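Observations on the three-dimensional arrangement
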Amino acid sequence: MVATIEWKDNKVVMLDQSRLPLEVINIDCTDYLMVADCIKKLKIRGAPAIGIAAAMGIAIGAQEIKADGFADFVKKLETVMQALLSTRPTAVNIRWAVERIKKLLNASRDKSVDDLKNLLIEEGKKILAEDIEINKAIGRWGAGFIKDGDTILTHCNAGSLATGGYGTATAPMLIAAKEQGKRIQVIADETRPVLQGARLTAWELMQAGIPVTLITDNTAGALMKKGRINLAIVGTDRTARNGDVANKIGTYTVAVLCKEHRIPFYVAAPLSSIDFSMKSGELIPIEERDSEEVTTIWGHRVAPEGVNVINLAFDVTPAKYVSAIFTEKGAFKPADIKKLTKKDVNIDSIRLRPR
Ligand code: MRU
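Residues numbered from 1 in each chain as written. Predicted model: local features only at pLDDT ≥ 70, side-chain atom pairs only at ≥ 80, totals over all residues. Heavy atoms only, no water.

**Considerations on the pairing of strand 10 (residues 265–268)**
Alternating positions in strand 10 separate into two faces, Phe265 and Val267 on one and Tyr266 and Ala268 on the other, with burial throughout. Strand direction decides the pairing type here: strand 7 (residues 231–234) and strand 10, joined by three bridges, are parallel. Across the sheet, the residue bridging to Ile233 is Tyr266, located in strand 10. (Buried < 20%, exposed > 50% of the residue type's maximum accessible area, 1.4 Å probe, protein only. Helix = DSSP H or I, 4+ residues; strand = E, 2+ residues; numbered from the N terminus. Pairing = 2+ DSSP bridges.)

Next comes the structure, spelled out in structure tokens:
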């Protein structure tokens with residue numbers, strides 16, 4: 001599998017997802033502004049992947065800083081952090097990465113500026129390595145909810161490309177198929193307007209040897225009605241403490257359709273995508289993107305010049321539609337997610353078991 005992102009020769013190297021699947025090319029980011037630009041332009045995308053990109057963007061930004069001691073270094077690094085924070089508002093993972101790095105810096109006040117710069121490179125690499133392990137753990141908890149012969153619907157791309165590797169929504173599929181020998185099929189929504197399902201999920205699942213069938217977004221309901229979908233698994237950009245889930249636009253529609261057809265609707269969410277400080281999904285900032293994403297398809301205009309467009313990048317699915325949230329700590333009812341922050345919680349007592 002091609003790496004989504006890595007730190008190599010003092011550069012942040014990322015696969016250009018805006019070109020996939022037609023071209024498989026890397027971009028070498030040599031400064032933090034390039035990293036920020038790649039995040040904005042969806043050259044790297046998916047909540048965990050942009051969290052990792054932000055951490056590595058901070059590390060590369062740090063290398064350029066000339067500072068006279070800790071306080072001066074941290075002050076100058078703030079500009080870098082703000083630039084990365086301002087790229088995309090919905091995924092909480094960028095803020096999560098920035099907060100983690102701030103905590104690390106606070107605990108490293110006695111270090112020299114050179115040592116701090118190295119520390120940030122190591123932290124970026126660590127976040128990447130941890131992400132892959134977290135996804136495998138999500139996969140192990142989630143795979144139990146997949147039965148032999150199941151057909152799984154997914155929306156957007158919450159796969160390897162959206163993370164450091166392995167994916168969140170795709171991790172249970174990979175474990176179920178590759179480690180548990182379950183025969184599964186995946187149905188990928190194409191995911192207008194930017195086609196992450198058609199371009200990315202279809203491509204990476206084919207590479208991984210998982211049978212995948214591509215549908216237009218508006219086909220999902222008809223297939224559910226015919227009994228051809230057994231469950232849905234999607235990712236999330238930010239899940240609020242009440243279990244409401246923000247994910248790619250169209251996820252809400254999938255969840256409502258699942259409820260109507262009594263199909264389980266699961267969300268795969270690393271803890272880094274859960275915003276425990278946010279009370280409800282209604283408060284999640286929803287990114288609005290350029291109208292050209294809707295009026296054109298890969299540079300070809302498909303709508304009349306001057307038409308009004310609404311291009312919300314994400315929607316919020318209320319917790320009541322979510323059957324379970326798969327995390328690295330287990331599968332939970334959405335209402336129980338907030339309990340994970342309690343020090344005295346008996347995690348085993350709130351874990352959901354596959355039926
Ligand atoms: O706009 P994108 O492509 O960044 O949207 C990505 C999604 O909606 C994913 O489902 C989400 O980030 C989870 S990725 C594991």
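**Thoughts on the site of the ligand**
By nearness alone, 18 residues border the ligand, and Arg45, Arg88, Gln196, Asn247 and Lys248 come closest of all. In the model, an oxygen atom of the ligand is placed 3.0 Å from a nitrogen or oxygen of the Gly46 main chain. Separating an oxygen atom of the ligand from a backbone N or O atom of Ala47 is a distance of 2.8 Å. Protein coverage of the free-state accessible area of the ligand, which is 420 Å², stands at 100%. More than half of the atoms belonging to the ligand lie within 2 Å of the grid points that define the largest cavity. At the level of elements, helix 2 (47–63) and strand 9 (245–248) are the ones that each hand at least two residues to the shell around the ligand. Its residues placed into classes, the shell around the ligand shows six nonpolar, eight polar and four charged. Of the domains in this structure, domain 1 (5–134) and domain 2 (140–350) are the two that each give at least three residues to the shell around the ligand. (Near = heavy atom within 4 Å. Polar contact = N/O pair within 3.5 Å; in protein donor to acceptor, adjacent residues only side chain to side chain. Areas by Shrake-Rupley, 256 points an atom, 1.4 Å probe, with all protein chains shown as cover. 1 Å grid on protein atoms, 1.4 Å probe; cavity = no way out; pocket = protein on both sides within 12 Å on 5 of 7 lines; lining within 4 Å. Sits in = over half its atoms within 2 Å of the grid points. Nonpolar A, V, L, I, M, F, W, Y, C, P; charged D, E, K, R; others polar. Domains from an automatic or database assignment.)

**Examining the sheet that holds strand 10**
Within the open sheet, the seven strands sit side by side as 6-5-4-7-10-15-16. Their pairing is mixed. The sheet is open, and its two borders are formed by strand 6 (212–215) and strand 16 (330–332), each paired with just one other strand. Sheet twist, expressed as the mean angle between neighbouring strand axes with direction ignored, is 25°. Alignment of strand 5 (residues 185–189) against strand 6, held across four bridges, turns out to be parallel. Its bridge partner being in strand 6, Ala188 is matched across the sheet by Leu214. (Axes fitted to C-alpha atoms, helices over the stretch in contact; angles between N-to-C directions.)

**Considering the side chain of Arg351**
By the element assignment, Arg351 lies in the segment after helix 11 (347–350). Within the local environment of Arg351, its side chain forms a polar contact with the side chain of Asp348, the two groups lying 3.1 Å apart. Ignoring sequence-local partners within four residues, the contact set of Arg351 consists of Trp141, Lys329, Gly330, Ala331 and Phe332. (Contact = heavy atoms within 4.5 Å.)

**Topic: the sheet that holds strand 2 (residues 11–15)**
The strand order across the open sheet built from three strands is 1-2-3, with neighbouring strands paired in antiparallel fashion. Because the sheet does not close on itself, it has two edges, and the strands there are strand 1 (5–8) and strand 3 (26–29). Between one strand axis and the next, the sheet turns by 25° as a mean value, whatever way the strands run. Pairing of strand 2 with strand 3 involves four bridges; the strand directions are antiparallel. Note that in strand 3 the partner of Met14 across the bridge is Ile27. Running at roughly 140° to strand 3, helix 1 (residues 32–40) makes contact with strand 2 and strand 3 of the sheet. Packed on one face of the sheet, helix 2 meets strand 1, strand 2 and strand 3 and runs near 20° to strand 1.

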